[in-house]
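Now for the letters of each chain:
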Amino acid sequence: MTKRIGIGASLADFTRRDFLASSALTAALFTAALLLFPAGAKTDGKGLEATAQRSVSSSSPMPRR
């Protein structure tokens, strides 16, 4: 039986199987991150925006042409 990492084992007890498993999990993590956050995605932010609005005053009429 092999010793597992995380229960006080030293780095010398890191087996080939542990290396392959951790490499596969790391690759799956990066693949999921790329699928969730694609590199070419635009972040235009159509959500909440603070826009300034001009108030329209009815006290001063607009000049006619």
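Here is what the cut-offs are and how they apply
Residue indices begin from 1 for each chain and proceed along its sequence in written order. At least 70 in pLDDT is required for a residue's local features to be given in this predicted model, at least 80 for side-chain atom pairs to be given and counted, and no such filter applies to totals for whole chains, interfaces and linings, which use all residues. Only hydrogens and water are set aside; all other atoms, that is, all heavy atoms of the structure, feed into the side-chain values. Here a helix means four or more residues in a row that DSSP labels H or I, a strand means two or more in a row labelled E, and each is numbered from the N terminus. Buried means the residue's accessible area, taken with a 1.4 Å probe over protein chains only, is under 20% of the maximum for its type, while exposed means over 50%, and partly exposed covers the values in between. In this analysis, a patch consists of residues with relative accessible area above 30% that form no salt bridge, clustered at 9 Å for like charges and at 5 Å for the nonpolar side chains Val, Leu, Ile, Met, Phe, Trp and Tyr. Accessibility throughout is a Shrake-Rupley quantity obtained with a 1.4 Å probe, and a residue counts as covered only by protein chains that appear here. We define a salt bridge as a side-chain nitrogen of Lys or Arg found within 4 Å of a carboxyl oxygen belonging to Asp or Glu. The term polar contact refers here to a pair of N or O atoms within 3.5 Å; inside protein, the definition further demands a hydrogen-donor-capable atom paired with an acceptor-capable atom, and it admits residues adjacent in sequence only when both atoms are side-chain atoms.

J.: I tried to follow the overall build of the chain on my own but got confused; where do I start?
T.: A tally of helices and strands in the chain yields one helix and zero strands. In the chain, buried positions account for 2% of the 65 residues.

J.: I'm lost on a nonpolar patch on the surface in this one. Help?
T.: A contiguous nonpolar surface patch, about 430 Å² in accessible area, is contributed by Leu11, Phe14, Phe19 and Leu20. Its location among the elements puts Leu11 in the segment before helix 1 (16-36). Using a relative accessible area of 75% as the deciding quantity, one classes Leu11 as exposed.

J.: Got a minute to help me understand the side chain of Asp18 in this structure?
T.: Positionally, Asp18 belongs in helix 1. Take Asp18: its relative accessible area is 6%, and that puts it in the buried class. At 3.0 Å, the side chain of Asp18 forms a polar contact with the side chain of Thr15.

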